[in-house]
Amino acid sequence: MLNMRLAPRVVNLKPSVTVAFMNRAKTMKAQGLDVLSFAAGEPDFDTPQKIKDAAIQALQAGQTKYMPTMGDAQTRQVIADKFERENGIRGLTPEHIGISSGGKHALYVVCHVLFDIPEPGQPAWECVLPVPAWVSYAPIVELAGGRVVEVPTTVETGFKATAAQIRAAITPQTRMVVLNSPSNPCGTMYTPDELRQIARVCDEAARTIAPDLVILSDELYEKIIYGGIEHFSIGSVPEVAERTVTLNGLSKAYGMTGWRVGYTCMPGAFGLKLTSAMATLQGQMSTNITSFVYPAIRTALTECAAEVEEMRRAFAGRAEVANARLARIPGVKNARATGAFYAFPDVSSYFGAVSPGGRKINSALDLCEALLAEALVAFVPGEDFGGCGARHVRISFACGEAQINAGIDRFEAFLGALRRG
Ligand code: GLU
């Protein structure tokens, strides 16, 4: 092999543990093993037929060429209308909307437009991140030159940061405050009131010490709610509307993970500037998303409410099963899921044990490795979600109730067979 180096920036990059466990479970299944996977944050529902038809028609009609980098005006208008109608975010034009290849790509582009590598001797811009949080926020912010300031939360309080905690984490260096409700990996949600309080402290901090503060509200799971808490977009609060980027996408609500569609909005004059900078960056990166997908976005956002509701109901039933089953397992502490399709139980009371196969369980990673190898159940270890995540595992219940019951049966049996080390 040639003795050549790779970029240290990438060599030192932490691989996504959600993607890693999802791929491992898929590979084991392909080898014929009876793996029950709860790793992927991926609905098992197929994309609604109407949406597929829209893309097929566009493909047949020859919509196969380059398009404007951030998307055609018609699709951007449909997204602007969706944000206004469903999220109460006003004053949006197509130029305030960005369309990227998935929520992750949109986040990546936003972060690279807002953060930069600091000049030597200068402090980095900071990203306030309530943790546990989805594994990709911190690496993406850090790649862009930002520094993550974690705000710790716990299972007891439903993994929610208070407005006071967020205020205490804001400094003159704060560039971004990330919010993700419903939460991946926690499955919990902020109430509208809690978000209004967070908006208030962000507004106050921005006017006094942190003039560059932008709120990044990741609302990918907004449609998957079932716990009685209403979804609320912080970008609809007038005081912070023009400093909030709202991030969404089609992956979770419409069973479209493989299509890779993410989109953003930010109203106001700075929103125009941000979106135009995103277009410059994306224009040197990937240009537009797949051309014949644009009509499918319009169909999804305007014609598929019934399909989304049907999937939401199914997720509600699954959450009920997962919540009830997990509440009954001795030594497992779980916060009731109210949104998204995740449970994130604390399993640390089992640390120090030894599995029937002789594996020492000293961490969430050890537990997930042993569970996968010995019980053929794939959960995601919580370490990379940050904060108390090291004591937790993530269970994605985006699968049928029979699989949830079978998987939790195996998990319970596995825990029951652990011996004290
Ligand atoms: N967002 C999903 C998850 O958390 C898909 C994988 C990823 O992008 O992290 O499982």
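Our subject is the structure that appears above.
Residues numbered from 1 in each chain as written. Predicted model: local features only at pLDDT ≥ 70, side-chain atom pairs only at ≥ 80, totals over all residues. Heavy atoms only, no water.

A word on the environment of arginine 76. Along the chain, arginine 76 falls in helix H4 (residues 73–87). Considering only alpha carbons, one finds arginine 76 and arginine 394, 318 residues apart in sequence, at a separation of 34 Å. Not counting the four nearest positions on each side in its chain, arginine 76 is found in contact with Met70, Gly71, Pro94, Glu95, Ile97, Ile99 and Thr275. (Helix = DSSP H or I, 4+ residues; strand = E, 2+ residues; numbered from the N terminus. Contact = heavy atoms within 4.5 Å.)

The next point concerns the site of the ligand. Surveying the vicinity of the ligand reveals the residues Thr18, Val19, Ala40, Gly41, Lys104, Trp134, Asn184, Lys252, Tyr342 and Arg394. Here an oxygen atom of the ligand sits 2.9 Å away from a polar atom, N or O, in the main chain of glycine 41. If the ligand stood free it would expose 270 Å²; the protein chains cover 87% of that surface. Looking at the shell around the ligand residue by residue, the classes come out as 4 nonpolar, 3 polar and 3 charged. (Near = heavy atom within 4 Å. Polar contact = N/O pair within 3.5 Å; in protein donor to acceptor, adjacent residues only side chain to side chain. Areas by Shrake-Rupley, 256 points an atom, 1.4 Å probe, with all protein chains shown as cover. Nonpolar A, V, L, I, M, F, W, Y, C, P; charged D, E, K, R; others polar.)

Under the 1.5 Å per step criterion, the end-to-end length of helix H5 (residues 103–114) is 16 Å for 12 residues, consistent within 8% with the ideal 16 Å. Every buried residue belonging to H5 is among Gly103, His105, Ala106, Leu107, Val109, Val110, Cys111 and Leu114, and all of these are buried. (Expected span 1.5 Å × (residues − 1). Buried < 20%, exposed > 50% of the residue type's maximum accessible area, 1.4 Å probe, protein only.)

Our focus in this paragraph is the nonpolar core. By size, the foremost hydrophobic cluster in this structure holds 87 residues, and its most contacted members are Met176, Leu367, Phe379, Phe397, Phe411, Phe414 and Leu415. Considering every element that reaches this core, the biggest residue donor is helix H13 (residues 364–375), with 7 residues. Formed by 27 residues, the second largest nonpolar core is a distinct cluster that contains Ile51, Ile79, Ile99 and Cys304. (Core = buried A, V, L, I, M, F, W, Y, C linked by side-chain atoms within 4.5 Å.)

Moving on to the pattern of salt bridges. Scanning the entire structure with this criterion turns up 25 salt bridges. Of the charged contacts, one joins lysine 223 and glutamate 86 as a salt bridge, the two residues approaching to 2.7 Å between their closest N and O atoms. Of this pair, lysine 223 sits in the loop between strand S6 (214–218) and helix H9 (238–241) while glutamate 86 is found in helix H4, placing the two residues 137 residues apart along the sequence. By relative accessible area, lysine 223 is classed as partly exposed at 21%. Several salt bridges share partner residues, and in doing so they unite Lys82, Arg85, Glu86, Glu222 and Lys223 into one network. (Salt bridge = Lys/Arg side-chain N within 4 Å of Asp/Glu carboxyl O.)

Burial along strand S8 (residues 262–265) is two-sided: Gly262 and Thr264 and Tyr263 and Cys265, pointing in opposite directions, are all buried. Looking at chain direction, strand S7 (residues 244–249) and S8 are connected through 4 bridges and run antiparallel. Bridge pairing in S8 places glycine 249 opposite glycine 262. (Pairing = 2+ DSSP bridges.)

Moving on to the sheet that holds strand S15 (residues 419–420). Taken in spatial order, the 3 strands line up as S11-S10-S15 in an open sheet, and their pairing is antiparallel. Because the sheet does not close on itself, it has two edges, and the strands there are strand S11 (360–361) and S15. With 2 bridges joining them, strand S10 (residues 353–354) and S11 adopt antiparallel strand pairing. Bridge assignment links alanine 353 to a residue of S11, and that residue is isoleucine 361.

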